[in-house]
Amino acid sequence: MLFSLVLLACTDDVSDSGDTDLPQDTGTSNDADGDGVSADTDCDDADPEVGEGTVWYADVDGDGFGDPSAETIACEQPDDAVDNADDCDDSSSLAQPGDSAELCDGLDNDCNGEVDDSTDWATVPGTWPNLSTAVLNGLTHPVVCLQAGTHDPLRVPEDKDMTVISAAGSEATFISGEGTNNALVVDGSLVLEGVTLIEGYPAENSGGAGLLVDGGHLEGRDIVIDGIAGASGQTYGAALFFGGATFTMEDFEVRNVELSTTLNAYGLVLVYDSSGDFTNVTVRDNTVTGDNVWGGIFVWNGASVMTDVDLLNNTYTGNTVSGLGLMAQSNGVIDATRVRVLENRVVGTHGGGAFVASSYGELTVRNAIVAGQEAPFPPLVTNGGSAVLNVDNATVVGNASSLGGVGYFAGASTSVALLNNVIAANNSADEGSLWYGKDDGSYTRSTYYLFDNNVSGDDQVKAGTFAGGPWYGSGGVEGAPGFVDVGGDDATAWDLRLASDSPARNAGDPELLNLDGSVSDQGAFGGPDAWQ
């Protein structure tokens, strides 16, 4: 009776461990191969070279090191398991024993029991209590590993060259401008990664309440400006202002700005007398009110290359509003690829324009979507002398205005070139036309286009009815564009790819090719720079 009870206990142990690859207890303790291991636990009782199963440890992150808290016994190696228990964090392959380099990421990368410990940087808080102290000691520790939490405002002086990297990213790391005008000011040089800038307040005749780069250099990645509010006067770049600066900005977002001033507001983002690149940028859910308002991203006497830019659900109120998306003015130059300007609106009687080139400004846009705009002026605008607007492979659909349903082109010696565009279902509420071109030396050319179901107040499609600037068009196709899905009122939810039977497929400039090597489609999803 006692012998039977012992065997029952052994059977329960094996079952509880879940080791189904092990031999099951048959009620005997035979050792057929004579290797000293009972048949009950021998992985092959016919082979004396094979004995009990091996202890394996889970390796969820796949770094070759096992989790000591997750073991199993099996004759064969399970998937996602190893034979050592050396990992200190099995949730990340960046944490493993050995010679792993310590990173500023909130992990114990080398499994020595310390997080973010390195002689290559100072931690805040840790080495220094706050960012200001870290900057004062920047010559000793020019690299700062910023821990999660909310931090005081930061100013990088002209004589400093700093790197500030957050351990937890922008979702958990904040720099607050509460009680000051700017959350972050860069006069020197700064590499900044993984922070959200909050609670700045634009000063009169100043700007950059979230981020002000005044004559310095900034390399930014994973930067968010969130919730800037108020204004005491005229503002320049309410959220972000580059003045006499150089920069690169990657994975950048401006959101939830609520700015109100009785004076002028020059852009949510202003690039003035500066040059730099934007990549993967979103400007969304912002509200700006002023006398005269320049919205979106405004380049003034500067230059910027932009890639993958979204301007969504922004509202601008003013006597005059210029630029709901991108605007280049006074020798400002913008070269932009893959831009979406969706569901933006003007409250007022004068202004608009998703893409605006004004007074010696030059704006080139490739692969753009403009939809759901509500404004007095139409999506495409030139205004002021010698402005240049080039728009290639754009889809302009479902926009409403009162002066020119699609384009308003004015200003002496302006030039407008439109190539491979799909322009459909836009509405001009006045009794004018969809194209308004002043006879003042402006020049407009549209080639390889689809133009369908656009409605003006007098139900006519023609060059401007006021003064009638010169208009040239060729290579047009007829028919509905055949979008995949334009259901509902929210343009951000539309699928504006072309259906397989769309007349705009392979109907673009034959010298331009789609990514698959075929002749370019018209619209935003055609040509070599289209979304993939």
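The model shown is predicted, which means the values in this text are computed figures rather than measured ones.

**A short note on the overall build of the protein**
Working step 1: In terms of helices and strands, the protein carries 2 helices and 46 strands.
Working step 2: When each of the 532 residues of the protein is scored for burial, the buried share is 50%.
Working step 3: Residue pairs at least 24 apart in sequence account for 70% of intrachain contacts in the protein once pairs closer than 6 positions are excluded.
Working step 4: Carbon and sulfur atoms make up 47% of the accessible area of the protein, which totals about 21900 Å².

**What to know about the sheet that holds strand β30 (residues 345-347)**
Working step 1: As summarised here, the arrangement of the 4 strands in space is β18-β22-β26-β30, forming an open sheet in which the pairing is parallel. Only two strands of the sheet have a single partner each, and these edge strands are β18 (258-260) and β30. The mean angle between the axes of side-by-side strands here comes to 10°, regardless of whether they run parallel or antiparallel.

**Re the confidence of the model for the protein**
Working step 1: Looking at the protein as a whole, its pLDDT mean stands at 85, while 87% of the residues score no less than 70.
Working step 2: In the model, residues 1-20 has pLDDT below 50 throughout and makes 10 contacts with residues more than four positions away in sequence or in other chains.
Working step 3: This model gives residues 459-470 a pLDDT under 50, and the stretch forms 34 contacts once residues within four places in sequence are excluded.

**Description of the nonpolar core**
Working step 1: Phe278 and Phe355 are the most contacted members of the largest nonpolar core, which has 81 residues in total.
Working step 2: Residues Leu312, Leu342, Leu496 and Ala504 belong to the second largest nonpolar core, which totals 15 residues.

**Some remarks on the packing of aromatic side chains**
Working step 1: Applying the stated rule across the entire model yields 11 aromatic pairs.
Working step 2: Their ring planes at 10° and their centres at 6.3 Å tell us that Trp294 and Phe298 sit as a pair that is stacked.
Working step 3: A relative accessible area of 15% places Trp294 in the buried class.
Working step 4: An angle of 15° between the planes, with centres 5.7 Å apart, marks the rings of Phe298 and Trp300 as stacked.
Working step 5: The buried category is assigned to Phe298, whose relative accessible area is 0%.
Working step 6: Classification of Trp300 by relative accessible area gives partly exposed; the value is 22%.
Working step 7: One aromatic cluster is present, built from ring pairs that chain together Tyr236, Tyr266, Tyr272, Trp294, Phe298 and Trp300.

**With respect to the state of the cysteines**
Working step 1: With the rule as written, the count across this model stands at 3 disulfides.
Working step 2: Residue pairing for Cys43: its cysteine sulfur links by disulfide to Cys75, the two sulfurs lying 2.0 Å apart. Handedness here is read from the sign of the S-S torsion; for Cys43 and Cys75, about -90°, the answer is left-handed. Of the two residues, Cys43 is situated in the loop between α1 (2-17) and β1 (54-58) and Cys75 in the loop between β2 (71-74) and β3 (81-82); the sequence distance between them amounts to 32 residues.
Working step 3: Note that Cys88 is cross-linked by a disulfide to Cys111, the S-S spacing being 2.0 Å. An S-S torsion of about -80° defines the bridge between Cys88 and Cys111 as left-handed. Of this pair, Cys88 sits in the loop between β3 and β4 (122-124) while Cys111 is found in the loop between β3 and β4, placing the two residues 23 residues apart along the sequence.
Working step 4: What makes Cys111 partly exposed here is its relative accessible area of 22%.
Working step 5: For the protein, the bonded cysteines pair up as 1-2, 3-5, 4-6 when numbered in the order they occur along the sequence.

**Notes on the pattern of salt bridges**
Working step 1: For the structure on display, the rule yields 14 salt bridges.
Working step 2: Here Lys160 ties to Asp159 by a salt bridge, and the two come within 3.9 Å at their closest N and O atoms.
Working step 3: Exposure remark for Lys160: the relative accessible area of 13% places this residue in the buried category.
Working step 4: Close ionic contact of Arg284 with Glu253 constitutes a salt bridge, the shortest N to O distance being 2.5 Å. Note that Arg284 is positioned in strand β21 (residues 275-284) and Glu253 in strand β17 (residues 246-255), a separation of 31 residues in sequence.

**Structural notes on the sheet that holds strand β19 (residues 265-266)**
Working step 1: The strand order across the open sheet formed by 6 strands is β12-β15-β19-β23-β27-β31, and the pairing between neighbours is parallel. Strands at the two margins of the open sheet, each flanked by one partner only, are β12 (206-207) and β31 (351-352).
Working step 2: Note that β12 and strand β15 (residues 235-236) share 2 bridges and pair parallel. Bridged to Ser206 within β15 is Thr235.

**Points about the pairing of strand β14 (residues 217-226)**
Working step 1: Taken together, the 9 bridges between strand β11 (residues 189-198) and β14 define a ladder with parallel strand orientation. Bridged to Val195 within β14 is Ile223.
Working step 2: Here β14 pairs with β17 via 9 bridges, running parallel. Counted as the bridge partner of Glu219 is Thr248 from β17.

**Here we look at the pairing of strand β33 (residues 362-371)**
Residues in a regular strand project their side chains so that they alternate between the two faces of the sheet.
Working step 1: With 8 of 10 residues buried, β33 is to be regarded as a mostly interior element.
Working step 2: Relative to β33, strand β29 (residues 333-342) runs parallel, the two being bridged by 9 bridges. Within β33, the position partnered with Val333 by the bridge is Glu362.
Working step 3: Examined bridge by bridge, β33 and strand β35 (residues 388-397) share 9 bridges and lie parallel to one another. Paired with Leu363 across the two strands is Leu389, which belongs to β35.

**What about the environment of Leu184?**
Working step 1: Relative to the assigned elements, Leu184 resides in strand β10 (residues 184-186).
Working step 2: Spatially, the C-alpha atom of Leu184 lies 9.3 Å from that of Asp152, the residues being 32 residues apart in sequence.
Working step 3: What Leu184 contacts, discounting residues up to four positions off in sequence, is Leu154, Leu190, Leu192, Leu197, Gly210, Leu211 and Leu212.

Rules of the game
Residues numbered from 1 in each chain as written. Predicted model: local features only at pLDDT ≥ 70, side-chain atom pairs only at ≥ 80, totals over all residues. Heavy atoms only, no water. Helix = DSSP H or I, 4+ residues; strand = E, 2+ residues; numbered from the N terminus. Buried < 20%, exposed > 50% of the residue type's maximum accessible area, 1.4 Å probe, protein only. Contact = heavy atoms within 4.5 Å. Areas by Shrake-Rupley, 256 points an atom, 1.4 Å probe, with all protein chains shown as cover. Pairing = 2+ DSSP bridges. Axes fitted to C-alpha atoms, helices over the stretch in contact; angles between N-to-C directions. pLDDT = per-residue confidence, 0-100. Core = buried A, V, L, I, M, F, W, Y, C linked by side-chain atoms within 4.5 Å. Phe/Tyr/Trp six-rings, centres within 6.5 Å; stacked < 30°, edge-to-face > 60°. Disulfide = S-S within 2.5 Å. Salt bridge = Lys/Arg side-chain N within 4 Å of Asp/Glu carboxyl O.

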